[in-house]
Each structure stands twice: as structure tokens, then as C-alpha cells.
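Structural features, examined
One-letter residues, chain by chain:
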Amino acid sequence: MERKECNTPLPLRNMQVTDTFWKKEMELVRKEAIPYQWEALNDRVEGAAPSFCIRNFKVAGKLNRKRREMGASFEEPKYTFRGFESLPKEPGHLEDKFYGFVFQDSDFYKWIEAVGYSLTQHPDSALEEMADRAVELVCNAQQEDGYLDTYYIINGRDKSFTNLRDNHELYCFGHLVEGAVAYWQATGKKRLLDAVRKFADYIDGYFGPEKGKCKGYPGHEVAEMALARLYEATGEERYLALARFFIEERGRQPYYFEQEDRGAQEEKKGKEEDAWGRNQYCQAHLPVREQEEAVGHAVRAVYLYSGMAEVARLTGDEGLYAACRKLWDSIVNEKMYLTAGIGGTHIGEAFSFPYDLPDDTAYAETCASIGLVFFARRMLGISPEAEYADVMERALYNGILSGMALDGKSFFYVNPLSVNPVACRRDERKSHVKAVRQKWFGCACCPPNLSRLVSSVGAYAFSEREDTLFVHLYMSAKLSKEIGGKRVQIEIVSGFPWEGKVQIHVKAQDTGLTLALRLPGWCREYQIAGCLPKEREERKGYLYVKKDWGEADTLELTFPMEVCLIAANGAVRETVGKAALMRGPVVYCLEGADNGEELHLLSIDTDAKPQVWDGEICGLAAKRIAMPGYRQQERESGLYHVWKKPEKEKTMLQYIPYFMWANRGENEMQVWTRTE
Ligand code: FUB
Ligand code: ZN
């Protein structure tokens, strides 16, 4: 691995995102999603599935108080499994028990992470005070020895770490780390970070390669990348070593998860010969360096790969990076939707076999695309190659933003590429697909994940190493960076995703700054103008610009955004004979609101020219596309008839950006359309 290529995200404190598009999304998260999610975590949203998240912390805190007050006479709870089944019919009458999914704590951790990022861009003392009070609740739930997981604190610690595969203890820990580091970096407040370190030390004492320590690893990955982050935040090598241990131990024989005694939760152990499949679900079927195909639960997979990439960067481990690269290729060449959604099957929320990308039963969980962005950014951190950033951009503008309504108040968990609302209601195989975004979910992993990603989006756009600033995503922002004790100021003005013009204003006299500018894969020919230097080199999809910068230099880049008809590889059976429209990084779709129902009867006239026009959806500006096409006429009665060339009528297909669909009531939607 060429370690000189390694780069790290530009800290959020060194940037102000001013982008028209992303600032709006960030403000939506700040003003709508974060307060709304806080209400949801406190079970105060009428008509939404209860969360019990904050309640569980309060109950755990109450138990701790009792413990302190009663001393030795306190009777520790004995573990009794309580899953979502224990949810009472009338949430008004709750006992001091744990309610919700085993990983309910993580919803708060993602929320506090989002708050941290948001505060870096928009200080808000009221929000910070509220977050501080919430941090106290969490810290009160922590036990003397550092342990902090409300599910086991309430249900009994005697069974803690006995079901790593299913019970998400290390997953909740990982999210706690991410949240605490973000909150500390934003506010300088160490209360939560200190709590996390205590828990991390406890976990480090429990797991590891040393004799006598547990050889288990997370059933749902995330702790790997989180520990790497904790190492970077604190400089404590032990955390990186633990991340590495979790990664290297995974998939070794005999399978750890097959040894666990899951007690009452799994009455009979599965058959020995099915162990491979069971372990594939959580990527524990093979040591990670031997894994070549992305398999199993999609979110788990990309979280693991992100951890692997992070550890590869921090340790200079070429072999681990090579393993990441194979898994990356498996995803993007065989298992990724056009929208950068991943997870072709709802069974196990998982990757399907190569090229199996059904559009109406897709899973494409919002969290999975978010995880793909995590993975992409970490691959970029090792080797700046535009293809990683291309995927990151594709996911952000499509499969991720589609997860949130334009008003920030409702969410998709599953992001299909074709929806027939009747089928969602009546076909069991599509019951996971919703035609309307939901206010909240019993399993609410996606909404707070969206909030933390959107509020930190700048950290995906820009990264740095020594004298180089990378621009991976074009987004308006004011950036500053230090080179050899001197401050460099850069202002980016971008029209993305609707216009391909970008201006870069640079103040970097006597610094030797190199700008590394991504050349998007969707753009065939770009133009560059302005204060052009002699030294310019294109490498792996980046244009490296180095010069003696003056007091105020400006570069102008133009990436023409033409409408592009996209076809999928013929191996994707679903899309043969169909095409989708993209313009720049944005995937487009047809919606019933503009085209009437029965979208499957429409076809595109591929010889015709699309027209791009300035429109809006729910008052929000968007480039829309009108594409000449046809609607097949159904004149025959009866289910079958002798074939004859179908009659069709000319029509204008009205496309909108995919991420904006389902904001105008329930209706059909389709990305891939037949071609003529
Ligand atoms: O298991 C925790 C989260 O819930 C996963 O990441 C999601 O896929 C959902 O299953
Ligand atoms: Zn999710």
C-alpha cells in the first residue's frame, strides 16, 4: 500500500458547508429531523411506533441508583429474554422493564452523533443543552465497571456477552463510540467520551487474543471502525489492536457463533452442515482475508468492510486492503443497484447472488447505502481513486436521500426501484416495500443514520494529506487547511447536482498546495479554465493541480451534465430491454403523479431527445426531464390472446429525480422503463 496516498477527512471544524443543495438537507436535519427524532426516541410522536430508547436508559439509571442505595442487599436481575414480543398492547402501562429491540440504545447514539456534527456547522445552545441532559441520562445508566448496555443492565448481566451473534452488545458499543467521539469533537465535552473509554477498557479486558480472554467478535459489525476511530481520537493503541482482533478473528474455525449457547432464544441448535450459511449472514463464514464475495446482511457487510479498510489504512496492511478491494468489486460490479442501493433480497436483508437485482422486491435499506458510503470513503482514504467517490456520490444523491421525505419527517427503510402500491399491500413477498414513507419504525435504524450522515456530509466531500486537499464531491463550502504553519483558504462554489459548473477560489500563497480534483466518472469531457498551472496531472480519476498560488486565484471547472440513457449488464435479468435516465449524478424515475398509473406500459423512444426543464417538487427546485415515449394500449379483453404487435400511443414521459419520489401521495414509481 502506498501510504503516501493515505488521506483523512478534513475536520468539520475546518469547513463551513454553504452549498444550496446540501445546506438545505443539513438544515432539514437540524430543524426537523433531529428534534423530531428526539421526540420519537422519547415516544412522543403520535401515531409512530414507540421507541422506548430513552425510557430504557432511564430504567437502567434507576436500577443503578437502587444498586447504590441498597448496596449488597440489592438483588441483581437474573437474565430473562425480553424482545419486542414483550411490548405491551397499551404503552401507557409500562413496567420498569426493557422494551423494544435489543439494539434500541444505538438509536440514541446515532442521534447524539448527528447532533455533534450539526453543532459544528450551526452552533445551537438550546440543542446542546438538551443533548447534555441526554448524555447525563446515558452516563447514569453506566455501571461501576464501565459496562453500558441497557438491555443487559435491565434484564440481567449474568448473560451478558453470551449471544454476540444476535444481541448487538458490541454493535451498541460501536455506535456509542461513534456518537461520543463526534460529540466531543464538536463540543469539547468529555463526559460521554470518558464513559465510552471506560466501557472500551472493560471490553478490551474481556475480548482479545490473550489467554483467558473471550475470542468472540461482533454479530453486527460497527465496533471495528468505531474502535479505529477511538484510537485516532485518543491515541490509545489498545483500541486499534482490539479492532484488528475483531476483524482477524472473524470467520475462523471452529465458528465462534456456533459455540455460543443462546439458551432459550434458540431452543435447538441448527444443523452442523448449515453453519456456513448461518455464518454467511454476518460475514463470519471465512476469515475476512479469504472472503471474495459480498454476502449476507448488507448493512453488517459494509460496516465490516469499512472497519477493515480503516484498520488497513491505520496499519498499512496491504493484504487487508486487497481483501477490501475484492469485496468492493463484488459489490459494485455485481450487486449494486443503479441508485447505489445494496441488498437484493429482503430475506436476511441481504445481498443476493451476483446480478440478482430485482427492482420491485429490492431491499436496498437506507442504512446499507449509508454503510456503502462509509466503505467508499475509507477506500478513498487509502487510495484516492475516483471510482470510490463516484459510488459515494451516487449513493448520496439517490439511494440515501430517497430514505427521507422532502420535509424531513418521514422515512423509507427499503428503497425499491419500482413500486406498485397494490402489490405492496397484497403481495406478501413485497410487504417490506412501502409506497409511502413511515413516521417511525419499531426498528428505527435508518432515520438517525440518515441524520448523522447528512449532517457530516462535508467530511465525505473533502479530505487532506500534508500539502494536498482532495475534492471528492463538488459542494459549495469554505475550507481551511494548514500547510507548514501557514493557513490555506479555499472557497468552492458549486451548482451540483443540477449544474456542473464549479468555481474554486484559492488563497494559498507560498504554501505549495496541491489540489486534487475528482473527475466524475459520469462526465465524458470536462473543461477547466482560470489560473491554470503548468503542473497538472491526471491520476486515477483525479486532476492534481500544483502551482505557486497567488493572493487570490480562481479555477473554473465545468462538468457537462447531459441526460444519459443507462442500460444494465445483460446478466441482470430484470432490466433487459429497459433503460433508466441519469443526469450527472442523479438517477431519475417515473411517478404516477406525472404519468398516470400502469407505468409498466410505458416505453422510451430511444431516438428522441430528452428535454431538461427547471421544475419543482413540493416547492423544491429540481431539474426535471421530459422524454418522448409511448404508452401501450390494452384493447384486448381476457387474460390471454393471440400475439400481435401492441398498439401504442405517443406520450411524453415525465421524469423526476428518484430521491424526490413519494412526496405527493401514494402512487406508482419506476426507474427502469422499456425501450423502443
Ligand atoms: O440490526 C440492527 C439494524 O437493524 C440493522 O443494521 C438493520 O439492517 C436492521 O436490521
Ligand atoms: Zn436501517
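For the structure itself, consult the block above.
So, here is what we can say about the structure in this document. Computed from a predicted structure; not experimentally measured.

Another aspect to go through is the overall build of the protein. When helices and strands are tallied, the protein shows 19 helices and 22 strands. Here the C-alpha radius of gyration of the protein, 25 Å, is about what a compact globule of 676 residues would show, namely 26 Å. Reported as C-alpha extents along the three principal axes, the dimensions of the protein are approximately 80 × 75 × 50 Å. The contacts in the protein between residues at least 6 apart in sequence include a share of 71% that link residues at least 24 apart.

Turning our attention to the site of ligand 1. Residues in close proximity to ligand 1 include Phe-103, His-168, Tyr-171, His-220, His-297, Val-299, Glu-349, Glu-365, Tyr-413, Cys-443 and Cys-445, which together make up its full environment. Interatomic distance of 2.7 Å between a side-chain N/O atom of His-220 and an oxygen atom of ligand 1. Tyr-413 has a polar side-chain atom sitting 3.4 Å from an oxygen atom of ligand 1. Across the shell around ligand 1, the residue classes tally to six nonpolar, three polar and two charged.

The next point concerns the pattern of salt bridges. Applying the stated criterion across every chain yields a total of 57 salt bridges. One salt bridge in this structure joins Glu-128 and Lys-189, with 2.6 Å as the shortest N-O distance. With Glu-128 in helix α4 (residues 125-141) and Lys-189 in the loop between α6 (169-187) and α7 (191-206), this residue pair connects regions lying 61 residues apart in the sequence. Looking at Lys-189, the relative accessible area reads 31%, which means it is partly exposed. In this structure, the salt-bridge partner of Lys-430 is Asp-427, at a minimum N-O distance of 3.8 Å.

For any two aromatic rings, the description comes down to two numbers: the centre-to-centre distance and the angle of the planes. Using the criterion set out here, one finds 50 aromatic pairs in the structure. A centroid spacing of 5.2 Å and a plane angle of 85° characterise the contact between Phe-173 and Phe-199, whose relative ring orientation is edge-to-face. Of the two residues, Phe-173 sits in helix α6 while Phe-199 sits in helix α7, which places them 26 residues apart along the sequence. Considering the side-chain rings of Phe-496 and Trp-522, the 5.9 Å spacing of their centres and the 50° angle between planes classify their relative orientation as tilted. One end of the pair, Phe-496, is in the loop between β7 (486-494) and β8 (501-507); the other, Trp-522, is in the loop between β9 (514-518) and β10 (527-530), and 26 residues separate them in sequence. Cluster of aromatic residues (ring-pair linked, three or more members): Tyr-147, Phe-161, Phe-173, Phe-199, Tyr-202, Tyr-206, Phe-207, Phe-245 and Phe-246. Its end group placed over the ring of Tyr-460, Arg-377 keeps NZ or CZ at 4.5 Å from the ring centre. The positively charged end of Lys-648 is found above the aromatic ring belonging to Tyr-630, 4.4 Å away from the centroid.

Time to look at the sheet that holds strand β2 (residues 15-17). Taken together, the six strands give an open sheet; going across it, the order is β2-β6-β7-β8-β13-β10, and neighbouring strands pair in antiparallel fashion. Two strands lie at the open edges of the sheet, namely β2 and β10, each paired on one side alone. Across the sheet, the mean angle from the axis of one strand to that of its neighbour is 20°, orientation sign disregarded. As paired elements, β7 and β8 share six bridges and run antiparallel to each other. Paired with Val-493 across the strands is Gln-503, a residue of β8.

We now examine the nonpolar core. If you look at the biggest cluster of nonpolar residues, it comprises 230 residues, and the most contacted ones within it are Phe-108, Ile-331 and Leu-515. Top element by residues in this core is helix α12 (residues 298-315). It accounts for 12 residues. Apart from residues no more than four positions distant in its own chain, Phe-108 is found in contact with Trp-38, Leu-41, Cys-53, Ile-54, Phe-57, Ala-134, Val-135 and Val-138.

At the metal site, the zinc ion (ligand 2) is ligated by Glu-365 (OE), Cys-367 (SG), Cys-445 (SG) and Cys-446 (SG), and these contacts range over 2.0 to 2.3 Å. On the basis of relative accessibility, which here comes to 8%, the residue Cys-445 falls in the buried class.

Another point: the sheet that holds strand β5 (residues 468-471). In space, the six strands of this open sheet follow the order β1-β4-β5-β9-β12-β11, with mixed pairing throughout. The open sheet is flanked by β1 (8-9) and β11 (535-539), the only strands paired with a single partner. Bridge count between strand β4 (residues 462-465) and β5: four bridges; the pairing is antiparallel. Residue pairing across strands places Ser-463 opposite Phe-470, the latter belonging to β5.

Moving on to unusual backbone geometry. Working note: non-glycine residues mostly have negative phi, and peptide bonds are mostly trans. In this chain, Gln-253 is followed by Pro-254 through a cis amide linkage whose omega measures -5°. Here Pro-254 lies in the loop between α9 (237-249) and α10 (256-259). The linkage connecting Phe-496 with the following residue, Pro-497, adopts the cis geometry, with an omega of 0°. Topologically, Pro-497 is positioned in the loop between β7 and β8. Its identity as a non-glycine residue notwithstanding, Phe-161 has a phi of 60°, on the positive side. The class of Phe-161 is buried, set by a relative accessible area of 3%.

A separate point is the side chain of Thr-558. Mapped onto the secondary structure, Thr-558 falls in strand β13 (residues 553-558). Here Thr-558 falls in the buried class, since its relative accessible area comes to 18%. The residues contacting Thr-558, other than those within four sequence positions of it, are Gly-500, Lys-501, Glu-525, Tyr-526 and Gln-527.

Conventions used here
Residues numbered from 1 in each chain as written. Chains lettered and ligands numbered in written order. Predicted model: local features only at pLDDT ≥ 70, side-chain atom pairs only at ≥ 80, totals over all residues. Heavy atoms only, no water. Helix = DSSP H or I, 4+ residues; strand = E, 2+ residues; numbered from the N terminus. Rg over C-alpha atoms; globule rule 2.2 N^0.38 Å. Contact = heavy atoms within 4.5 Å. Near = heavy atom within 4 Å. Polar contact = N/O pair within 3.5 Å; in protein donor to acceptor, adjacent residues only side chain to side chain. Nonpolar A, V, L, I, M, F, W, Y, C, P; charged D, E, K, R; others polar. Salt bridge = Lys/Arg side-chain N within 4 Å of Asp/Glu carboxyl O. Buried < 20%, exposed > 50% of the residue type's maximum accessible area, 1.4 Å probe, protein only. Phe/Tyr/Trp six-rings, centres within 6.5 Å; stacked < 30°, edge-to-face > 60°. Lys NZ or Arg CZ within 6 Å of the ring centre and 35° of its normal. Pairing = 2+ DSSP bridges. Axes fitted to C-alpha atoms, helices over the stretch in contact; angles between N-to-C directions. Core = buried A, V, L, I, M, F, W, Y, C linked by side-chain atoms within 4.5 Å. Donors = N, O, S within 2.8 Å, 3.2 Å for Na, K, Ca; no water.

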